[in-house]
Amino acid sequence: METLRTYWAGTPGWQLRLALCAAVFLAAYLCSRLVRARLAPWAAKRAGRTRSRVLRVLVQGFSRPAPMMLWVLGLYGALCLLPAPPEWAAAYRPWLDRLLRIALITLFAWGLAGSSDIVLLMMQNAKDGPGSRADRTAAAFVNKVLQAVVVCFALVMVLGELGFNVNGLITGLGLAGLTVSLAAKDSAENFFAGLVIILEKPFSLGDWIVTGVAEGTVEDIGFRSTKVRTLDGGLVILPNSLLCAEAITNGTQRRTRLFRFTLGVTYDTPKERIEALMAHLRALLKADAQVEADSVLVRLSGFGASSIDILVSCSLLAPAWADAMEVQDRLNLAVLDLMQELDVAFAFPSQSVYLEKMPPEPCREARK
């Protein structure tokens, strides 16, 4: 303290430097508050009015760390202007510079982590065009990966600023990672299988899928497993490697549902009625708004053991199971009415028994 008093006594104008130091700190503080309260919301509104989604993501990601950067720079400038003895400045200045770099690295990483959607937008624009929307499953997965990468790089840079041997640390982490990967082979397989699911997109969140081990709605796709909610309300957790090895049916991406049955009529039905029945069936199906007209097929498929078989097939424009059942109910009732109108009877399994009259057995006396 005596050294500081001696320095102030021999340095004219130290009061002005101290006042300037306080003014710089106060100005930086006020600017940071102004940016947070006024400038950041204004920039977000202006970016929302533009067509550039990349700009909107950047503004949103750096809306919180940007004011803190201004405050940190102002604090650094104020500390550099402090009227202190040269030996003191030579002692704390390197640490001050190091703390500034650490703070800027942390805040910049914070902004990049908040702007992780920007890489997804670039990939989407390069692949699908600017008018398409990002898949929410890929967005959630890519955001997690990018944020983890940003945090790891920032941590390595901070450790380097603190004087740690980063090269040795990376080498040690590489050896440790190799050991862990050998010990956690199944987890690594599940992770890369999760990447395959995200990139190939056989299903997304909310899709109804059918696999060899489960059937239900996809609720979550993680690094290791996928969660499927079954019809009875149970939650099935499937390893990603198992899903990649299974055949997957995506019911949500179904465009139509097949409606097919065989209509059996009795053998005593005249040919003219059968032809009329087939013609009316075609007209009935093609007239329905929920039936794909080009898919309608009505053919006499064969002769059964107790019926003349008519194959009826079409595609319903109702991919949802409940909607398809409703359409099938309506069509089945219409077929019943048509059968009654044309006086054509349904055939049912039957069996004919023929009794042959045997000649009378000769009497014993005649044999003798």
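Colleague: Mind showing me how you'd approach the nonpolar core here?
Modeller: In a soluble, globular protein the nonpolar side chains are often hidden away together inside. Core analysis: the largest hydrophobic core is formed by 25 residues, its most contacted members being Leu 277, Leu 281, Leu 285, Val 298, Ile 310 and Leu 316. Secondary-structure elements contributing two or more residues to this core are β6 (257-265), α11 (271-287), β8 (308-316) and α12 (321-342). The biggest single contributor to this core is α12, with 7 residues. If we skip the residues at most four places from it in the chain, Ile 310 touches Phe 261, Thr 262, Leu 263, Ile 274, Leu 277, Met 278, Val 298, Arg 299, Leu 300 and Ser 301. With 11 residues, the next largest nonpolar core counts Ile 198, Phe 203, Leu 205 and Ala 214 among its residues.

Colleague: Even after reading the chapter, I still don't get the side chain of Asp 309, so can you show me in this structure?
Modeller: With respect to the secondary-structure elements, Asp 309 resides in strand β8. Of the side chains with opposite charge, Arg 260 comes closest to the buried, unpaired Asp 309, at an N-O distance of 13 Å. Here Ser 307 takes part through its side chain, which lies 2.8 Å from a polar atom of the side chain of Asp 309. When near neighbours in sequence (up to four residues on either side) are disregarded, Asp 309 contacts Thr 262, Leu 263, Gly 264, Arg 299, Leu 300, Ser 301, Gly 302, Phe 303 and Gly 304.

Colleague: Is there a simple way to think about the sheet that holds strand β4 (residues 235-239) in this case?
Modeller: Pairing between the strands of a sheet is mediated by backbone hydrogen bonds and can be parallel or antiparallel. One open sheet holds the 5 strands; their spatial order is β4-β3-β2-β1-β5, and the pairing between them is antiparallel. Pairing within the sheet leaves two strands with one partner each, and these edge strands are β4 and β5 (249-250). The sheet contact formed by strand β1 (residues 208-210) and β5 spans 2 bridges and is antiparallel. Across the sheet, Ile 209 pairs through a bridge with Asn 250, a residue of β5.

Colleague: Help me understand the packing of aromatic side chains in this model?
Modeller: Two numbers describe a pair of aromatic rings. These are the distance of the centres and the angle of the planes. Considering all chains together, one arrives at 1 aromatic pair under this definition. Seen from their ring centres, Phe 259 and Phe 261 are 5.4 Å apart, and the 50° between their planes marks the pair as tilted. The ring of Trp 95 carries the charged tip of Arg 98 above its face, separated from the ring centre by 5.1 Å.

Colleague: Whenever I open this one, the side chain of Asp 207 confuses me. Can you help?
Modeller: Assignment of secondary structure puts Asp 207 in the loop between α9 (185-200) and β1. Residue Asp 207 is classed as buried on the basis of its relative accessible area, which comes to 9%. Within the structure, the side chain of Asp 207 is placed 3.2 Å from the side chain of Asn 250, a separation counted as a polar contact.

Colleague: What's the story with the environment of Phe 261 in this structure? I'm lost.
Modeller: With respect to the element layout, Phe 261 can be found in strand β6. Not counting residues within four places of it along the chain, the set of residues in contact with Phe 261 comprises Ile 310, Leu 311, Val 312 and Val 335.

Colleague: So what exactly am I meant to see when it comes to the confidence of the model for the protein here?
Modeller: For residues with low pLDDT, the predicted coordinates do not support detailed interpretation. Looking at the protein, pLDDT values average 76 and 72% of them are 70 or higher. Of all secondary-structure elements in the protein, the lowest mean pLDDT belongs to helix α13 (residues 364-367), at 53, while β8 reaches the highest, 94. For the stretch residues 126-134, pLDDT sits under 50, and the model shows 8 contacts to residues farther than four places along the chain or on other chains.

Colleague: I would appreciate a short explanation of the environment of Cys 244 in the present structure.
Modeller: If you trace the backbone, Cys 244 turns up in helix α10 (residues 240-245). Look at Cys 244 and you get partly exposed, because its relative accessible area is 37%. A C-alpha to C-alpha distance of 6.3 Å links Cys 244 and Ala 193, two positions 51 residues apart in sequence. With near-sequence residues (within four places) excluded, Cys 244 lies in contact with Ala 193, Val 196 and Ile 197.

Colleague: It is not clear to me how the pattern of salt bridges should be interpreted in this structure. Could you clarify?
Modeller: Think of it this way: side chains of opposite charge can pair up when their charged atoms draw near. This model, assessed by the stated rule, comprises 5 salt bridges. Arg 229 is the salt-bridge partner of Glu 219, the closest N and O atoms lying 2.9 Å from each other. With Glu 219 in strand β2 (residues 215-221) and Arg 229 in strand β3 (residues 225-230), this pair connects stretches of sequence that are 10 residues apart. For Glu 219, a relative accessible area of 39% corresponds to the partly exposed category.

Colleague: I keep staring at the packing of α11 against α12 and nothing clicks. Help me out?
Modeller: Packed helices, taken two at a time, are described by their axes: the angle between them and the distance between them. Contact pair α11 / α12: the axes reach a minimum separation of 11 Å and the direction vectors enclose 150°. Considering the angle they form, α11 stands roughly antiparallel to α12. When you trace α11 past α12, the crossing you get is right-handed. Taking contact as the criterion, the partners of Arg 273, Ala 276, Leu 277, His 280, Leu 281, Leu 284 and Leu 285 in α11 are, on α12, Leu 331, Ala 334, Val 335, Leu 338, Met 339 and Leu 342. By residue class, the composition of the contact of α11 with α12 is 11 nonpolar, 1 polar and 1 charged.

Procedures and definitions
- Residues numbered from 1 in each chain as written.
- Predicted model: local features only at pLDDT ≥ 70, side-chain atom pairs only at ≥ 80, totals over all residues.
- Heavy atoms only, no water.
- Core = buried A, V, L, I, M, F, W, Y, C linked by side-chain atoms within 4.5 Å.
- Buried < 20%, exposed > 50% of the residue type's maximum accessible area, 1.4 Å probe, protein only.
- Helix = DSSP H or I, 4+ residues; strand = E, 2+ residues; numbered from the N terminus.
- Contact = heavy atoms within 4.5 Å.
- Lys, Arg positive; Asp, Glu negative; His and termini not counted.
- Salt bridge = Lys/Arg side-chain N within 4 Å of Asp/Glu carboxyl O.
- Polar contact = N/O pair within 3.5 Å; in protein donor to acceptor, adjacent residues only side chain to side chain.
- Pairing = 2+ DSSP bridges.
- Phe/Tyr/Trp six-rings, centres within 6.5 Å; stacked < 30°, edge-to-face > 60°.
- Lys NZ or Arg CZ within 6 Å of the ring centre and 35° of its normal.
- pLDDT = per-residue confidence, 0-100.
- Axes fitted to C-alpha atoms, helices over the stretch in contact; angles between N-to-C directions.
- Parallel < 35°, antiparallel > 145°, perpendicular 65-115°, else oblique.
- Left-handed = near helix turned anticlockwise from the far one by under 90°.
- Nonpolar A, V, L, I, M, F, W, Y, C, P; charged D, E, K, R; others polar.

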